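# Reading the structure
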Amino acid sequence: MDMLYKEFLDNLGHTCPFCHIQQDIFLQNKDAYLTYALAPYHRHHLLVIPFKHYKSIDTMPLRVFDAMDALTKKASHILHQLGYPNTLI
């Protein structure tokens with residue numbers, strides 16, 4: 001679980017690791033999901049991922065930002081409950 005992210009990406013080739021969700025989704029809403037990182041930097045490395053691809057962040061609709069923000073806040077509470085200080089947003 002201590003794989004560096006660059007090594008993880010090098011092993012992927014040209015596939016998107018988020019298109020074929022191989023990890024557990026433990027929270028989701030209409031536009032995004034919350035899961036553990038496949039190449040974590042620490043034990044509880046969480047990711048909020050939109051379900052749809054966007055060419056750039058500038059093309060992402062506001063509702064997707066809002067959906068991701070809601071999951072980020074829930075993730076913050078989860079991390080706080082796991083004992084990580086200063087994780088509440």
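### Quick word on the overall build of the protein
- The helix and strand inventory of the protein stands at two helices and three strands.
- Total accessible area computed for the protein in this model is approximately 6600 Å², and 57% of it derives from carbon and sulfur atoms.

### With respect to the confidence of the model for the protein
- For the protein, the average pLDDT comes to 82, and 80% of its residues sit at 70 or higher.
- Across the protein, element-level confidence peaks in helix H2 (residues 62-81) with a mean pLDDT of 94 and bottoms out in helix H1 (residues 5-12) with 67.

### Quick word on the sheet that holds strand E1 (residues 25-28)
- Strand order in the open sheet formed by three strands is E1-E2-E3, and the pairing between neighbours is antiparallel. The outermost strands of the open sheet, each flanked by one partner alone, are E1 and strand E3 (46-50). Taking each pair of neighbouring strands and ignoring which way they run, the sheet shows an average axis angle of 30°.
- Pairing of E1 with strand E2 (residues 32-36) involves three bridges; the strand directions are antiparallel. The residue bridging Gln28 from the neighbouring strand is Tyr33, located in E2.
- H2 rests against E1, E2 and E3 of the sheet, and its axis sits at about 165° to E3.

### So, the pattern of salt bridges
- Using the criterion set out here, one finds two salt bridges in the structure.
- For Arg63, the salt bridge goes to Asp31, with nearest N and O atoms at 3.4 Å. In this pair, Arg63 is assigned in helix H2 and Asp31 in the loop between E1 and E2, connecting sequence segments 32 residues apart.
- Where Lys73 meets Asp69, a salt bridge forms, and the shortest distance between an N and an O atom there is 3.2 Å. Here Lys73 pairs with Asp69, and both are found in helix H2, just four residues apart, close to one helical turn.

Rules used in this analysis
Residues numbered from 1 in each chain as written. Predicted model: local features only at pLDDT ≥ 70, side-chain atom pairs only at ≥ 80, totals over all residues. Heavy atoms only, no water. Helix = DSSP H or I, 4+ residues; strand = E, 2+ residues; numbered from the N terminus. Areas by Shrake-Rupley, 256 points an atom, 1.4 Å probe, with all protein chains shown as cover. pLDDT = per-residue confidence, 0-100. Pairing = 2+ DSSP bridges. Axes fitted to C-alpha atoms, helices over the stretch in contact; angles between N-to-C directions. Contact = heavy atoms within 4.5 Å. Salt bridge = Lys/Arg side-chain N within 4 Å of Asp/Glu carboxyl O.

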